[in-house]
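# Understanding the architecture of this molecule
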Amino acid sequence: MNLRETSQLFYQLKLANQEMTSKFEKETGFSLTRYELLQFLKENGSCLQSALQEVLKIDSAAVTRHLKVLEEKNYVLRKRNPDNHREVFVQLTGT
């Protein structure tokens, strides 16, 4: 396989990924990242926001944006750690 064929193959994979992601979001009402975030919380319970960042392998600003949307929809609750105000605990609300 030459470089051009490899490039075309990767481009087709990219397009397939975009289509699958779009269909997933239409069916569930969640982005795949938000769904994974909720699943992690369901399986592991309350955790630090920084742990979600590590598990999902996304930066802290992205985790904050996702959590803000989920918090506005009443799916998660965030609380600052009273012993260390730089840490934020995240948990499902139970809805």
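Above this note sits the structure.
One structure accompanies this document, and this report is about it.

### Topic: the packing of helix 2 (residues 32-44) against helix 4 (residues 60-72)
Axis angle and axis distance: for two packed helices, these are the angle between their axes and the distance between the axes, and together they describe the pair. Across the interface, helix 2 lies against helix 4 with an axial gap of 10 Å and an inter-helix angle of 75 degrees. Looking at the two axes, helix 2 sits roughly perpendicular to helix 4. Note on element contacts: helix 4 touches helix 2 through H66, L67, V69 and L70, opposite T33, R34, L37 and L38. The residue inventory of the contact of helix 2 with helix 4, partitioned by class, reads five nonpolar, two polar and one charged.

### Focus on the sheet that holds strand 3 (residues 84-92)
Taken in spatial order, the three strands make up an open sheet running 1-3-2, and their pairing is antiparallel. Two strands bound the open sheet, and with one partner strand each, they are strand 1 (47-48) and strand 2 (76-81). Contacts between helix 2 and the sheet are confined to strand 1, strand 2 and strand 3, with strand 3 contributing the most and set at about 90 degrees to the helix. Across the sheet, helix 4 touches strand 2 and strand 3, and the angle it forms with strand 2 is around 125 degrees.

### Remarks on helix 4
Its 13 residues give helix 4 an end-to-end C-alpha distance of 18 Å, which sits within 8% of 18 Å, the value for a rise of 1.5 Å per residue. Of all the positions in helix 4, only A62, V63, H66, L67 and L70 are classed as buried. For helix 4, the angular spread of the buried residues around the axis is 130 degrees, confining them to a single face. In this structure, helix 4 carries R65 and E72 as exposed residues pointing more than 90 degrees from its buried face. Contacts from the buried residues of helix 4 go to helix 2, helix 3 (49-56), strand 2 and strand 3. Where helix 4 begins, the side chain of D59 points an oxygen toward the backbone nitrogen of A61, at a separation of 3.1 Å.

### With respect to the packing of helix 2 against helix 3
Look at helix 2 against helix 3: their axes get within 11 Å of each other, and the N-to-C directions meet at 120 degrees. Taken together, the axes of helix 2 and helix 3 lie oblique to each other. Every pair of crossing elements has a handedness; the one defined by helix 2 and helix 3 is right-handed. Contacts from T33, E36, L37, F40 and L41 in helix 2 reach L52, V55 and L56 in helix 3.

### Here's the deal with the pairing of strand 3
Summarising the sheet, strand 1 and strand 3 pair through two bridges and their orientation is antiparallel. Note on strand 3: the bridge partner recorded for L48 is F89. As judged from the six bridges shared by strand 2 and strand 3, these two strands associate in the antiparallel manner. Residue L77 lies in a different strand from strand 3, and its bridge partner there is Q91. Count of turn residues in the strand 2/strand 3 antiparallel hairpin: two residues.

Reading guide: rules and limits
Residues numbered from 1 in each chain as written. Predicted model: local features only at pLDDT ≥ 70, side-chain atom pairs only at ≥ 80, totals over all residues. Heavy atoms only, no water. Axes fitted to C-alpha atoms, helices over the stretch in contact; angles between N-to-C directions. Helix = DSSP H or I, 4+ residues; strand = E, 2+ residues; numbered from the N terminus. Parallel < 35°, antiparallel > 145°, perpendicular 65-115°, else oblique. Contact = heavy atoms within 4.5 Å. Nonpolar A, V, L, I, M, F, W, Y, C, P; charged D, E, K, R; others polar. Pairing = 2+ DSSP bridges. Expected span 1.5 Å × (residues − 1). Buried < 20%, exposed > 50% of the residue type's maximum accessible area, 1.4 Å probe, protein only. Arc of directions from axis to C-beta. Polar contact = N/O pair within 3.5 Å; in protein donor to acceptor, adjacent residues only side chain to side chain. Left-handed = near helix turned anticlockwise from the far one by under 90°.

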